[in-house]
Amino acid sequence: MRILIIGCGSIGSILSEAINDMPEVDKFYITDVSSTYAQHLIDDLSKAEYLEQDSRDVYEIISKVDLVVEAASQEAAIKYAPLALENGVDVMVMSVGAFADDRFRDKCFNLAKKHHSRIYVPSGAISGTDGLHAAASSNLTEVHLTTRKGPDGLRNAPGLALRNIDVDSLVEATVVFDGSAREAVDQFPKNLNVAATISILGVGFEQTRVTIICDPSTERNSHTLAVKGEFGEMVSEIKNMPSPSNPATSYLAALSATAAIRRIVGNVWIGI
Ligand SMILES: NC(=O)c1ccc[n+]([C@@H]2O[C@H](COP(=O)([O-])OP(=O)(O)OC[C@H]3O[C@@H](n4cnc5c(N)ncnc54)[C@H](O)[C@@H]3O)[C@@H](O)[C@H]2O)c1
């Protein structure tokens, strides 16, 4: 199997190290806007080759590999995912916030159907997506995401300025947003990936409720997913440690990408 990884930051580098050890992977390619770090990374990876960002090589390889993994940015997802999909190549998207754009999401989902390519979106920084996915096969009455972050994880969000909230002056846990996932996407873009994943899986961006709490006493990013419906009720809570190289990304997000690739290359899917 051959894989192209776009972006080797905190998620892409953990993923690259794991992929290098997977016997099912013969070779993989890495591209990144920053060549210095990528070159340094591949020094220790026997199966990896670096491709200059946006080079002809990238556009050639993207149609020849078995899987493209986007672990870069929404811009990268928008640029490369359709190209891979229309060539019949499967794509794993980490910047799932790109799918908050209904037109882009429809375009990609339709390309996948037409060209028999697959789109994989790992659970990322949240837990409970398996239960939500199964529960959504019957009627759901409530999908509620509560995210709790320290001031560093929320500072400069446009939604704070809208409400005149200065996260540095808070002395206790305070609700800084309560509304639909659609509104959260615009007002708290750093929360976008998790909100997008559960909205697409469950009841959509308008019906999914999001509450964001700024808690000055925590350095972890916690997410509580509460779901009610014909299936019963589910509550799933995760208290994430930050990624070793990027405190803005939860370590679990990189682990979820690695676990998803293990499933894909191993062809065994348990607990889906
Ligand atoms: N699904 C989830 O729950 C979840 C969780 C955490 C992060 N993410 C998303 O995954 C993505 C990667 O996260 P990260 O923590 O590894 O980020 P990061 O900033 O640590 O690394 C991103 C890397 O991608 C490179 N890059 C950016 N745009 C590029 C482009 N157009 N082409 C090639 N390379 C490009 C950057 O140079 C950088 O090295 C981000 O978009 C982030 O929002 C998703």
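Structural data are supplied above this passage.
Residues numbered from 1 in each chain as written. Predicted model: local features only at pLDDT ≥ 70, side-chain atom pairs only at ≥ 80, totals over all residues.

(A) View of the overall build of the chain. In terms of helices and strands, the chain carries 11 helices and 11 strands. Taking the principal axes of its C-alpha atoms as reference, the chain extends roughly 50 × 40 × 30 Å. Looking at the 272 residues of the chain, the share that counts as buried comes to 41%. Expressed as a percentage of contacts within the chain between residues at least 6 apart in sequence, the contacts between residues at least 24 apart total 67%. (Helix = DSSP H or I, 4+ residues; strand = E, 2+ residues; numbered from the N terminus. Buried ≥ 20, exposed ≤ 12 C-beta atoms within 10 Å, placed from the backbone. Contact = placed C-beta atoms within 7 Å.)

(B) Representation of the sheet that holds strand β11 (residues 232-240) within the structure. Reading across the sheet, the 5 strands line up as β8-β9-β7-β10-β11 and stay open at both edges, with mixed pairing between neighbours. The open sheet has two free edges, formed respectively by β8 (174-180) and β11, since each of these has just one partner strand. Each neighbouring strand pair of the sheet contributes to a mean axis angle of 10°, computed without reference to strand direction. Lying over the sheet, helix α9 (residues 192-201) contacts β7 (140-149), β9 (209-214) and β10 (221-229), oriented at roughly 170° with respect to β7. (Pairing = 2+ DSSP bridges. Axes fitted to C-alpha atoms, helices over the stretch in contact; angles between N-to-C directions.)

(C) Looking closely at the packing of helix α1 (residues 10-20) against helix α11 (residues 251-266). Where α1 meets α11, the closest approach of the two axes is 9 Å, and the angle between their N-to-C directions is 35°. Two packed elements cross with a definite hand, and for α1 against α11 that hand is right-handed. Listed contacts from α11 to Ser10, Ile11, Ile14, Leu15, Ala18 and Ile19 of α1 are Ala253, Ala254, Ala257, Thr258 and Ile261. Here the contact of α1 with α11 is built from residues that sort into 9 nonpolar, 2 polar and no charged. (Left-handed = near helix turned anticlockwise from the far one by under 90°. Nonpolar A, V, L, I, M, F, W, Y, C, P; charged D, E, K, R; others polar.)

(D) Summary view of the site of the ligand. For the ligand, the set of nearby residues contains 27 residues, the closest of which are Gly7, Gly9, Gly124, Thr249 and Ala253. Contributions of two or more residues to the shell around the ligand are made by α1, α4 (74-86) and α9. When residues of the shell around the ligand are assigned to their parent elements, the largest contribution, 3 residues, is made by α1. Residues of the shell around the ligand, tallied by class, amount to 12 nonpolar, 13 polar and 2 charged. (Near = placed C-beta within 6 Å.)

(E) Structural detail: the pairing of β7. Pairing of β7 with β10, which is carried by 8 bridges, proceeds in the antiparallel orientation. Across the sheet, the residue bridging to Thr147 is His223, located in β10. Relative to β9, β7 is paired through 6 bridges, and the arrangement is parallel. Residue pairing in the sheet places His144 in a bridge with Arg209 of β9.

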